[in-house]
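# Structure at a glance
Residue strings, one per chain:
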Amino acid sequence: MDLADAFFRGRSINAKWGIKNEDDLWKWILEEGYCKVANWHLEGGENLFFRGQANSGFGLTSSLYRKCRSLLESRRVEERDLELAESSIMCQMRKQGIGRRMTDGQLLMVLQHHGTPTRLLDVCGSPFESLFFAVNDLHRKDGCLFLIHPHGDGQDNELRLWETENLPWAGGKDGGVEKWTSAVYLTPHKSLDPRMHAQNGQFLVGGLSRVFPGQKMRLSGNLSAHGNGGPRVPVENVPDISSLNLNFLRSKIHRPNLSWGGTAWVLLVKADWKEGLMARLQAHEPEISFDTMYPPLGEVSRLADFIVDRIFMQNNNH
């Protein structure tokens, strides 16, 4: 069993909330059960965000981390590796004329929109759109629905990248690497990109997760003979499970542990639930399907031309 898969299965909250089948999961979402996973106020799209992944063996990681990880097999990825890769990508993009009159933050968000590896993590403000990504693919694999509450600096969980000329983490700014690495921020966007709006999309961003004093990332005890706590995840593999500094909970606590950058929960979405859940999403109002989540603007320009041509032809015939 892969490490990420073992960790997420051991940390899933399915049993805690009695989610045994697709009916239970759908009802839990409809009744906003996700707002009750903590003993403090949570509201979807405000301080709670969602991410669906089709394979429970995939880590909760940014595309930039995965790219660096694939190239640095002999050693762990460091924050300086992400910064070097990120700055090199953005420099080359600007040389190609991409990003004129944009801040670095704006450029980073545009690049993420178009599939370039960045440290931004795509999330949704609603569990429905996120569930689509958990069930739309890999129908023989269990998926995950993640719930993420970013702490930010403990007071403000937003990082408004479009307002600043330079990225706040570039060159060890904003209090140094330790402060940056332990933080997880929501990064709102002002995009008119139709896919981001269709997907109710937002971004989370933070430094590469490390292990700080008082933080423990453990496998569940029922996966080993190490007692209830379970064995610790090796330090070098912590970012493979989550590249953000997240405290994954199975039970309620009175207040968020602000020594972590954010709090997270995970629901397993079983493979044999996927087909039924996709049918429910397609019947949802508004409909959630591949075409509505990925509006095919590039393919409909000919249709628009045809419609205009037909209107004028009809008018001229009259």
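These notes cover the structure that comes with them. Computed from a prediction, not measured in an experiment: that's the story for all the values here. (Residues numbered from 1 in each chain as written. Predicted model: local features only at pLDDT ≥ 70, side-chain atom pairs only at ≥ 80, totals over all residues. Heavy atoms only, no water.)

### Comments concerning the overall build of the chain
Of regular secondary structure, the chain possesses 12 helices and 7 strands. Expressed as a percentage of the 318 residues in the chain, the buried residues total 48%. Long-range contacts, defined as pairs at least 24 residues apart, comprise 75% of the intrachain contacts of the chain with a sequence gap of at least 6. (Helix = DSSP H or I, 4+ residues; strand = E, 2+ residues; numbered from the N terminus. Buried < 20%, exposed > 50% of the residue type's maximum accessible area, 1.4 Å probe, protein only. Contact = heavy atoms within 4.5 Å.)

### Structural notes on a nonpolar patch on the surface
Residues Val308, Ile311 and Phe312 make up a contiguous nonpolar surface patch of roughly 270 Å² in combined accessible area. Mapped onto the elements, Ile311 comes out in helix 12 (residues 301–317). (Patch = residues over 30% accessible without salt bridge, like charges linked within 9 Å, V, L, I, M, F, W, Y side chains within 5 Å. Areas by Shrake-Rupley, 256 points an atom, 1.4 Å probe, with all protein chains shown as cover. Salt bridge = Lys/Arg side-chain N within 4 Å of Asp/Glu carboxyl O.)

### Considering the environment of Leu108
Inspection of the secondary structure assignment puts Leu108 in helix 5 (residues 104–113). Setting aside residues up to four positions removed in sequence, Leu108 forms contacts with Glu86, Met90, Thr118, Leu120, Leu167 and Trp169.

### Concerning the packing of aromatic side chains
Counted according to the given criterion, the structure contains 10 aromatic pairs. Centroid distance Phe8 to Phe248: 5.7 Å. Interplanar angle 55°. Geometry classified as tilted. In this pair, Phe8 sits in helix 1 (residues 3–11) while Phe248 sits in strand 6 (residues 246–248), placing the two residues 240 residues apart along the sequence. One exposure class covers both Phe8 and Phe248, and it is buried. Their ring planes at 75° and their centres at 6.2 Å tell us that Trp28 and Tyr34 sit as a pair that is edge-to-face. Each member of the pair Trp28 and Tyr34 is classed as buried. Feature note: the residues Phe7, Phe8, Phe146 and Phe248 constitute an aromatic cluster, connected by ring pairs. (Phe/Tyr/Trp six-rings, centres within 6.5 Å; stacked < 30°, edge-to-face > 60°.)

### Digging into the packing of helix 6 (residues 127–135) against helix 10 (residues 274–283)
Put simply, helix 6 and helix 10 touch, their axes get as near as 10 Å, and they point 145° apart. Considering only the axes of helix 6 and helix 10, their crossing is left-handed. Listed contacts from helix 10 to Phe128, Leu131, Phe132, Ala134 and Val135 of helix 6 are Lys274, Leu277, Met278 and Leu281. (Axes fitted to C-alpha atoms, helices over the stretch in contact; angles between N-to-C directions. Left-handed = near helix turned anticlockwise from the far one by under 90°.)

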